[in-house]
Amino acid sequence: MLPFLLFFSGCADLTEQVFDEVQVEDVEALLDEASPEFLNNLVASVYAQLIPNFSERLFFNLQESTSDISMTPTRLWQDPSRSDWFDGGRYVKLHTHTWDPSEPTLNDVWNNLQGGIAAALEVLDAFDTPKALGNSAITPLRAEVQGLLAFYMWATFDLYAQVPYINLETGENVVLTGQEAMDEMESLLDAAIPNLNDKNSSESGARFNRAAARTLLARIYLNKGVYLDRYASSFNFSSSDMDKVIAETTNIIDQEGYSLATDYFRLFDGDSDDNSATDELIFVVNLIAGQTGNRAFTAMVMSQGQYAADGGSFRGWNGFCTLPEFVDSWDTNDPRFFEENYPNEPGVIDPATYQLNRGIQVGVQHGPVPVDDNGNPTEGGTFKRDANGMLVIEVLRNFLRDNQVVDYSKDVSLTSNQWAGARVFKYEYDTPGPGRWDTDINPVLLRLADVYLMRAEAKLRNGDNAGALADVNAVRTARGAAELSSLDMDAMLDERGFEFYWESHRRTDLIRFGKFNDAWTSKDASDANKRVFPIPLNALAASSNLTQNDGY
């Protein structure tokens, strides 16, 4: 049995509980007469590892900040000796593909993913006792953990091409690569599927279920041509692999009871676990206000002069933006591009109706300004109102920096002013409490639109253009976008960008479509070795089984 050191935290309705240390014999004894509370807390320890990587800027940085739809400039004040967001050059290195094995983000993501793999292996080992194997209550929980293990392995494999692993039968430490890694992930998912719960028992996507396993299998098959030869000048996507993608995705679409949302931005609201879009969500990171995660996905794009609510620290951090090429690629009539919740112009509105506009924001921004008792702008103040109590909407200025107008210019470079770059307001800036960690947003990991678009891509690669177009248009119709009349690979990649921007898909998609090493704003063409991240130095020092990836 593996050494057992577990720290449990809440997930979904799993009661939060903390244990300093659980000894092996204690776990065996508790499993002999396992209570539902103990079993749920045991499994919660595996879910907890999702939070640091997938609810903030870590996995996102490797998947989006290295791509053509995200940039974090060093933002200069009017005093050129002062700046924000340089952060040791990490965002410049990620954007320009000049990272090396000492890059802190690479190390943080690696460590968190290894924590997930280790937690899953420990729980699976605990579930391997005779009594546990005979306990029907443990069977679906074991399947959940197998699915989570495969998910952590996939993320590690996709990013680093090597997966440290322990063979539970022999106890041997191994490193899985290539076909062997894919075989193990597929084996785990195939073993889990018959025992996983369905959509109705997944707590609005907070629990890994049967559809999540099939979606992950489809993702592995779709990328198999890349995973077998990462540095190839072109990839071989076999018809048999694409047939497997089609089979898995069709099963989900036809059998699992999910439906495409008709109100796109509700997928990214704080109440997405119980709103009109919930039935699209397959797997999410479950965040609880005041306990886990923060509002990073929206706060990191907003100017410090833009506020989601009054009476608290509800401003932006003014960092991330998107690139002009991505803005220019859109049909701006597509409802996924922008959702107006109040007119972006001077005027007044009912305070009860105020919420931030969503989607991609370009140009001069208008909104309410928090003020003190003397009418001076101040963080933590109350929004300015007129004599009738209506909220005053005016041109915004970044009064916490140089008091310049908040004007999100489309053009941007790696060294920019405080306002440059179009901003992405995809996730709601919800305000259930006063602190920056108070959010009920559930970052999306897997959803039905990806199932449709993976099937479309597999059909397109297999020569079924009509079938692919039908799947793409099913998604576009649900969103209220105009149907396409034709589809090629470039349009397929564009569609994935329109649908999944800011959801940590882009690097993987660009590699698969042969575009990741292209030049774009403030980035020259890069070498093929950048398709795989280096193994962090501390990991290499700790394990003789790991070898550094090519080019590092």
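Conventions used here
- Residues numbered from 1 in each chain as written.
- Predicted model: local features only at pLDDT ≥ 70, side-chain atom pairs only at ≥ 80, totals over all residues.
- Heavy atoms only, no water.
- Helix = DSSP H or I, 4+ residues; strand = E, 2+ residues; numbered from the N terminus.
- Rg over C-alpha atoms; globule rule 2.2 N^0.38 Å.
- Buried < 20%, exposed > 50% of the residue type's maximum accessible area, 1.4 Å probe, protein only.
- Contact = heavy atoms within 4.5 Å.
- Salt bridge = Lys/Arg side-chain N within 4 Å of Asp/Glu carboxyl O.
- Pairing = 2+ DSSP bridges.
- Axes fitted to C-alpha atoms, helices over the stretch in contact; angles between N-to-C directions.
- Parallel < 35°, antiparallel > 145°, perpendicular 65-115°, else oblique.
- Nonpolar A, V, L, I, M, F, W, Y, C, P; charged D, E, K, R; others polar.
- 1 Å grid on protein atoms, 1.4 Å probe; cavity = no way out; pocket = protein on both sides within 12 Å on 5 of 7 lines; lining within 4 Å.
- Points joined across faces, edges and corners; volume = space filled by probe spheres on them.
- Core = buried A, V, L, I, M, F, W, Y, C linked by side-chain atoms within 4.5 Å.
- Phe/Tyr/Trp six-rings, centres within 6.5 Å; stacked < 30°, edge-to-face > 60°.
- Lys NZ or Arg CZ within 6 Å of the ring centre and 35° of its normal.

Draft legend 1. Summary view of the overall build of the chain. Assigned secondary structure in the chain consists of 18 helices and 17 strands. In terms of C-alpha radius of gyration, the chain reaches 24 Å, essentially the compact-globule figure of 24 Å for 552 residues. Structurally, the chain occupies a C-alpha span of about 75 × 50 × 45 Å along its principal axes. In the chain, which comprises 552 residues, the proportion classed as buried is 59%. Residue pairs at least 24 apart in sequence account for 70% of intrachain contacts in the chain once pairs closer than 6 positions are excluded.

Draft legend 2. A look at the pattern of salt bridges. Evaluation of the coordinates by the stated rule reveals 36 salt bridges. For E280, the salt bridge is made with R447, and the minimal N-O distance between the two is 2.7 Å. Of the two residues, E280 sits in the loop between α11 (239-255) and β5 (281-284) while R447 sits in strand β17 (residues 444-447), which places them 167 residues apart along the sequence. Considered together, E280 and R447 belong to a single accessibility category, that of buried residues. When the shortest N-O distance is used, the salt bridge between R336 and D334 registers 2.7 Å. The pair R336 / D334 is uniform in exposure class, with both members buried. The network of salt bridges with shared partners includes E280, D334, R336, K426, R447, R476, R479, E495, E499 and E503.

Draft legend 3. Region of the structure containing the sheet that holds strand β15 (residues 415-416). The strand order β2-β1-β15 describes an open sheet built from 3 strands, whose pairing is mixed. Since the sheet does not close on itself, it has two edges, and those belong to β2 (83-84) and β15, each with one partner. Bridging between strand β1 (residues 74-76) and β15 involves 2 bridges; their strand directions are parallel. Pairing of T74 across the sheet is with T415, part of β15.

Draft legend 4. How the structure looks around the packing of helix α2 (residues 36-47) against helix α8 (residues 139-160). Following both chains from N to C, one finds α2 and α8 inclined at 10°, their axes separated by 10 Å at the closest point. Between α2 and α8, the angle falls in the class roughly parallel. Residues L39, N40, V43, V46 and Y47 of α2 touch α8, and the partners they reach there are L141, E144, V145, L148 and Y152. Residue composition of the contact of α2 with α8, grouped by class: 8 nonpolar, 1 polar and 1 charged.

Draft legend 5. Local environment of empty space enclosed by the protein. Evaluation of the coordinates by the stated rule reveals 6 cavities of 30 Å³ or more. Reported here for the largest cavity is a volume of approximately 240 Å³. Lining the largest cavity are 25 residues; nearest its centre among them are F59, R219, E503, S504 and H505. Those elements giving two or more residues to the lining of the largest cavity turn out to be α3 (50-54), α4 (58-63), α8, α10 (210-227), β17, α14 (448-461) and α17 (506-512). Taken together, the residues of the lining of the largest cavity sort by class into 13 nonpolar, 6 polar and 6 charged.

Draft legend 6. The arrangement of the side chain of S504 in detail. Looking at the secondary structure, you find S504 in the loop between α16 (489-500) and α17. Beyond its immediate stretch of four places on either side in the chain, S504 contacts F59, F60, Q63 and E64.

Draft legend 7. Representation of the nonpolar core in the model. L50, F127, Y160 and F208 are the most contacted members of the largest nonpolar core, which has 118 residues in total. In terms of residue count, the dominant contributor to this core is α8 (14 residues). With residues up to four places along the chain from it excluded, the contact list for F208 reads Y47, E144, G147, L148, F151, L189, L196, A213, L216 and F283. Grouped together as the second largest cluster of nonpolar side chains are 52 residues, A277, M302, I393 and L396 included.

Draft legend 8. Structural view of the packing of aromatic side chains. Summed over the entire model, instances satisfying the criterion amount to 29 aromatic pairs. Judged by centre distance (5.7 Å) and plane angle (90°), the ring pair of Y354 and F383 falls under edge-to-face. One end of the pair, Y354, is in the loop between β7 (347-349) and β8 (358-361); the other, F383, is in strand β12 (residues 382-383), with 29 residues separating them in the sequence. Just as Y354 is buried, F383 falls in that class too. One aromatic cluster in this structure is built from F60, W85, Y91, Y264, F265, F268, F297, F320, Y427 and W502. The cationic tip of R82 hangs over the ring face of W77; the distance from NZ or CZ to the ring centre is 3.7 Å. Stacked on the ring of W154, the Lys or Arg R219 has its end atom at 4.9 Å from the ring centre.

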